[in-house]
Amino acid sequence: MDLGIKGRRAIVCASSKGLGRACAMALANEGVHVTLTARGAEALKKTADEIRKAYPGITVTEVAGDITTPAGREAALKACPEPDILINNAGGPPPGDFRNWTRDDWIKAIDANMLTPIELIKATVDGMMARKFGRIVNITSAAVKAPIDILGLSNGARAGLTGFVAGLSRKTVISNVTINALLPGPFDTDRLRGVGKAEAEKRGITPDQVFAERAKQNPAGRFGEPDEFGYACAFLCGAKAGYITGQNILLDGGAFPGTL
């Protein structure tokens, strides 16, 4: 399927690894010029070079920096001042017990997983509306629909972003600018393995045992592959996806037991 976005420009946040990388790859496959951001310059360059090799016809720009800081956002926007597509993504806060979290812990989580996407939307959405095309995808978490007790910082910050977008997305769609969220369940990423390792240490078992248990509990009997997530993201960014906005789409192998 031709998604009709060849030649468009995208900023893909936290795209050196995991789900962000998969989204960048999928967009590049559609002929989108991509600006990649991440804190780790070495991993970022590796991903950028892989995309350049696989898709020599597109422009790949890498911006090493922390997108959750004003300087990081400024650098990304300087590299791609008029994006047609914005993929908001940032690593989630660590798991733990809310009794141990300080105000600073909460502010850091909200800055990264709520306010950073809002700041990037604010910086880009008016230009998208003026050009009559824009696709914004926020990578949040399945925990927005089914909270995970040890991920309270993430539950709170990402739910706040979801509430904000619910209102804004109904105002931008008239200009062919959509804002949606993809809610990943368990995907085989470094983030999943980090959480699994913490659980393994707490329970006194091996990480492999935790991963096997979790995979077996999922209706699909496995974890998701990052490229599956990337393809879904690319579809939402497509020219024919303009009637989808304000939605929170689960990719979790059927783990959420509800009907809505």
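So, here's what we can say about the structure.

Procedures and definitions
- Residues numbered from 1 in each chain as written.
- Predicted model: local features only at pLDDT ≥ 70, side-chain atom pairs only at ≥ 80, totals over all residues.
- Heavy atoms only, no water.
- Helix = DSSP H or I, 4+ residues; strand = E, 2+ residues; numbered from the N terminus.
- Buried < 20%, exposed > 50% of the residue type's maximum accessible area, 1.4 Å probe, protein only.
- Contact = heavy atoms within 4.5 Å.
- Areas by Shrake-Rupley, 256 points an atom, 1.4 Å probe, with all protein chains shown as cover.
- Lys, Arg positive; Asp, Glu negative; His and termini not counted.
- Charge placed at Lys NZ, Arg CZ, Asp CG, Glu CD.
- Phe/Tyr/Trp six-rings, centres within 6.5 Å; stacked < 30°, edge-to-face > 60°.
- Salt bridge = Lys/Arg side-chain N within 4 Å of Asp/Glu carboxyl O.

Details of the overall build of the chain
Counting secondary structure elements, the chain contains 8 helices and 7 strands. In terms of its C-alpha atoms, the chain occupies a principal-axis envelope of roughly 55 × 40 × 40 Å. When burial is assessed residue by residue, the chain has 45% of its 260 residues classed as buried. Across the chain, contacts joining residues at least 24 apart in sequence account for 74% of those joining residues at least 6 apart. Accessible surface for the chain amounts to roughly 12900 Å². Of this, 55% is attributable to carbon and sulfur atoms. Once the 32 positive and 27 negative side-chain charges of the chain are each reduced to a mean point, those two points are 4 Å apart.

A word on the packing of aromatic side chains
With the rule as written, the count across this model stands at 2 aromatic pairs. When the ring of Trp101 is compared with that of Trp106, the centres are 5.7 Å apart and the planes differ by 90°; the resulting orientation is edge-to-face. A residue is classified by how much of its surface remains accessible, and Trp101, at 15% relative accessible area, is buried. Owing to a relative accessible area of 30%, Trp106 belongs among the partly exposed residues under this scheme. A centroid spacing of 5.5 Å and a plane angle of 85° characterise the contact between Phe187 and Phe229, whose relative ring orientation is edge-to-face. Taken together, the positions of Phe187 in the loop between strand E6 (177-184) and helix H6 (190-203) and Phe229 in helix H8 (residues 226-236) put the pair 42 residues apart, joining distant regions of the chain.

Here we look at the pattern of salt bridges
A complete count under the given rule lists 13 salt bridges for this structure. Taking the shortest distance from any N to any O, the salt bridge between Asp84 and Arg9 comes out at 3.9 Å. With Asp84 in the loop between helix H3 (70-79) and strand E4 (85-88) and Arg9 in strand E1 (residues 9-12), this residue pair connects regions lying 75 residues apart in the sequence. Its relative accessible area of 3% is what places Asp84 among the buried residues. Overall, Arg9 belongs to the partly exposed group, its relative accessible area being 32%. Asp49 is paired through a salt bridge with Lys45; the nearest N and O atoms lie 2.7 Å apart.

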